[in-house]
Amino acid sequence: ISEGVFENLTETKKIILPHSLIKIEWSFWKCQKLESIEDNEIRYQRKHFKSIDGVLYNADATELLAYPNMHGAIYEIPEGVKKIRNHAFKDCYNLEELTLPSTLEHIGINAFYRCENLKRIIVNRKKGSIKIEGFWGDYGNVTPKWYWID
């Protein structure tokens, strides 16, 4: 699935990915009412993607691929996740607080593009221990306060 495929589904609340899907670019921008991205995990053995509580990850849940715009105002990324993909939280205006796991190593370019209500990021790592590209480029008025462990 190419970038922007679902971009104009402004009223859609849930997207279910087909079993045959092997590659997906960030495609959910402007899906303002999207609450969850699901897979057919119950019926099939998914090899490429995994939905955890409506949030899309790679198959082994080490990379967060996409967070639905209306999933929730507060989210805690599970332990084991090492990377947040480019644009993963793109235009998630509903997101206010995010907790990052101790396993996180990298935040991709524009991961928080236009997350203008993101006010707080809690990091379960020491400052300087994560490669952060999430605020490079034109990312809108996004200025969260960061809280690092000592």
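How each quantity is defined
- Residues numbered from 1 in each chain as written.
- Predicted model: local features only at pLDDT ≥ 70, side-chain atom pairs only at ≥ 80, totals over all residues.
- Heavy atoms only, no water.
- Salt bridge = Lys/Arg side-chain N within 4 Å of Asp/Glu carboxyl O.
- Helix = DSSP H or I, 4+ residues; strand = E, 2+ residues; numbered from the N terminus.
- Buried < 20%, exposed > 50% of the residue type's maximum accessible area, 1.4 Å probe, protein only.
- Core = buried A, V, L, I, M, F, W, Y, C linked by side-chain atoms within 4.5 Å.
- Contact = heavy atoms within 4.5 Å.
- Pairing = 2+ DSSP bridges.

Regarding the pattern of salt bridges
1) Next: Tallying each qualifying case throughout the model produces 3 salt bridges.
2) Next: A salt bridge links Arg-85 to Glu-63, with the nearest nitrogen and oxygen atoms 3.3 Å apart. Of this pair, Arg-85 sits in the loop between β7 (83-84) and β8 (97-100) while Glu-63 sits in strand β5 (residues 63-66), placing them 22 residues apart in sequence.
3) Next: Here Glu-133 makes a salt bridge to Lys-131, at a shortest N to O gap of 3.8 Å.
4) Next: Its relative accessible area of 11% is what places Glu-133 among the buried residues.

Some words on the nonpolar core
1) Next: Grouped together as the largest cluster of nonpolar side chains are 26 residues, with contacts concentrated most on Leu-64, Tyr-75, Ile-77, Ile-84, Phe-89, Leu-100 and Phe-112.
2) Next: Secondary-structure elements contributing two or more residues to this core are β4 (55-58), β8 and β10 (120-123).
3) Next: Once you skip the residues sitting within four places of it in the chain, Ile-77 turns out to touch Tyr-57, Leu-64, Ile-84, Phe-89, Leu-98, Thr-99, Leu-100 and Pro-101.
4) Next: With 8 residues, the next largest nonpolar core counts Ile-15, Leu-17, Leu-34 and Phe-49 among its residues.

Re the sheet that holds β5
1) Next: Strand order in this open sheet of 6 strands is β3-β4-β5-β7-β9-β11, and the pairing throughout is mixed. With partners counted over all chains shown, the strands left at the sheet margins are β3 (49-52) and β11 (131-132), one partner each.
2) Next: Bridging between β3 and β4 involves 4 bridges; their strand directions are antiparallel. When the sheet's bridge partners are listed, Ser-51 is paired in β4 with Leu-56.

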